[in-house]
Structures are given as C-alpha cells and as structure tokens.
Amino acid sequence: EITYGDCSSDVGASDLTPAPFATGVAPNTSVAVTFSETLDPASVTAANFTVSSAGPAAVAGTLSYDARTSAVVFVPAAPLATTTNYTARVSGIKDLSGNTVVTTTWTFTTAATADTTPPTVTAVSPAAAATRASVATSVAVTFREQVDPTALAAGIQVAAGASSVAGNLTYNPA
C-alpha cells in the first residue's frame, strides 16, 4: 500500500526506492526518497524516516540527506531479512520554509536470497567514443538493476581529458 497524507504544503516525495509494491528486492538494498524541494537537514532524523517489518521496532541503519538532489537515503546496518514485507514511512520532515512534507508510506518485499552480482551498465548516452556531442547534452548511464544512489557520486565521473566536468547527478530508479 502507498499512502500520501494531508498537509498544507505541496512538498512531497517524487521518487521512492524500492518502488511501492516492489517484490524480489535485494536484501542488501538501501531505501530512498527524493523530495520536490530542499529540506531542512535538521528535520531529517531516524524518527522521521523509518523502515520496519512486522514488529514494532524500526530497522537499524544510517540516514543521509543530499541537499543537491533533495534525496534522503536509509542504509540498513545489516541486510534486510529475506522474503519479508517491509514498510517505509516518511513523516515530520520539513522544507526550508518550515512546511511539513506530505506523510508517505509504502511497502516492498525482499527477495529469497541476497543479490551478490555487481550491477552492470546496459547503455550509455551519448555512445562510447561519440564525437561532436553538444556541450548541452546530458550524459545518461543505464544499469541492469537498481543501484545504491549513495554510491553514484563516487562511481560516475564525466571528464574532458584529465579534467572533470562539473554537473548535477540525478538518479531515476525506474
């Protein structure tokens, strides 16, 4: 079930990872939400972003916030249990104006075994060794499976010769 609560603000979740109702989710996955605007980092707390299974206790882990992308990522301290239903819930987080974001709850189910195969790149755009690409061209990398959004900044680099090219990194788990 995915539910969106009521609030006076239009600040809401735009991307949920794993996707609502997803099944076969790797137990070593992270749980992430991207919001429609910049958040107050002080409001991004373990009390406001929880992942839980059938019991009342939340899954232990670390929470991070990337102000550039307005993404909040929860990384479990240990792999999630296999073949288990989980509920992720975000509530009480505020934007920079003090508006509380829309409460969002969604469920997903982990796979029977952990995914130990590293992700592979299935497509890139522009194509490898392309020439005459416009300087306004966005670079896209498609993976065989969802990847940990927190690892992308360190793992993807665009360079011109020996110099890195500045830009924004976004992740679409779809």
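The model shown is predicted, which means the values in this text are computed figures rather than measured ones.

Trainee: Run through the pairing of strand S9 (residues 104-110), naming residues and quoting values.
Mentor: With five of seven residues buried, S9 lies mostly within the body of the structure. Sheet topology note: the strand S3 (residues 22-25)/S9 ladder contains two bridges and is parallel. Looking across to S9, one finds that Val-25 is bridged to Thr-110. Here strand S8 (residues 85-90) runs beside S9; their pairing, made up of six bridges, is antiparallel. Each bridged residue has a counterpart across the sheet, and for Thr-87 the counterpart in S9 is Thr-107.

Trainee: Explain a nonpolar patch on the surface to me, and be specific about the residues and the numbers.
Mentor: A grouping of Val-121, Val-124, Val-139, Val-141, Val-158 and Val-165 is seen on the molecular surface, where their side chains present a nonpolar patch of about 440 Å² in accessible area. With respect to the helices, strands and loops of the structure, Val-165 is situated in the segment after strand S13 (163-164).

Trainee: Report on the pattern of salt bridges, specifying residues and quantitative values.
Mentor: What the rule picks out here adds up to two salt bridges. One salt bridge in this structure joins Asp-66 and Arg-68, with 3.2 Å as the shortest N-O distance. Across the salt bridge formed by Arg-144 and Glu-145, the nearest N and O atoms sit 2.8 Å from each other. Judged by its relative accessible area of 44%, Arg-144 falls in the partly exposed class.

Trainee: Residue-level account of the side chain of Ser-30, with values.
Mentor: Turning to its location among the elements, Ser-30 is positioned in the loop between S3 and strand S4 (31-35). Apart from residues lying up to four places away in sequence, Ser-30 is in contact with Thr-17, Pro-18, Val-73, Phe-74, Val-75, Pro-76, Asp-148 and Pro-149.

Trainee: Kindly report on the confidence of the model for the protein chain, identifying the contributing residues and their values.
Mentor: When the pLDDT values of the protein chain are averaged, the result is 85; 92% of them are 70 or greater. Per-element mean pLDDT across the protein chain ranges from 45 in strand S1 (residues 3-4) up to 96 in strand S5 (residues 49-52). Long-range and interchain partners of residues 1-9, a stretch whose pLDDT sits below 50, account for 25 contacts in this model, where long-range means more than four residues apart.

Trainee: Mind laying out the packing of aromatic side chains, listing which residues take part and the relevant values?
Mentor: One pass over the structure, following the stated rule, counts two aromatic pairs. Centroid distance Phe-49 to Phe-74: 6.3 Å. Interplanar angle 20°. Geometry classified as stacked. Taken together, the residues span a long stretch of sequence, with Phe-49 in strand S5 and Phe-74 in strand S7 (residues 71-76) at a distance of 25 residues. Look at Phe-49 and you get buried, because its relative accessible area is 2%. On the basis of relative accessibility, which here comes to 5%, the residue Phe-74 falls in the buried class. Summarising the aromatic geometry, the rings of Tyr-86 and Phe-108 are spaced 5.8 Å apart at their centres and angled 20° between planes, so their arrangement reads as stacked. Remark: Phe-108 occurs in strand S9 and Tyr-86 occurs in strand S8; sequence separation between them is 22 residues. Assigned by exposure class, Tyr-86 and Phe-108 land together as buried.

Here is what the cut-offs are and how they apply
- Residues numbered from 1 in each chain as written.
- Predicted model: local features only at pLDDT ≥ 70, side-chain atom pairs only at ≥ 80, totals over all residues.
- Heavy atoms only, no water.
- Buried < 20%, exposed > 50% of the residue type's maximum accessible area, 1.4 Å probe, protein only.
- Helix = DSSP H or I, 4+ residues; strand = E, 2+ residues; numbered from the N terminus.
- Pairing = 2+ DSSP bridges.
- Patch = residues over 30% accessible without salt bridge, like charges linked within 9 Å, V, L, I, M, F, W, Y side chains within 5 Å.
- Areas by Shrake-Rupley, 256 points an atom, 1.4 Å probe, with all protein chains shown as cover.
- Salt bridge = Lys/Arg side-chain N within 4 Å of Asp/Glu carboxyl O.
- Contact = heavy atoms within 4.5 Å.
- pLDDT = per-residue confidence, 0-100.
- Phe/Tyr/Trp six-rings, centres within 6.5 Å; stacked < 30°, edge-to-face > 60°.

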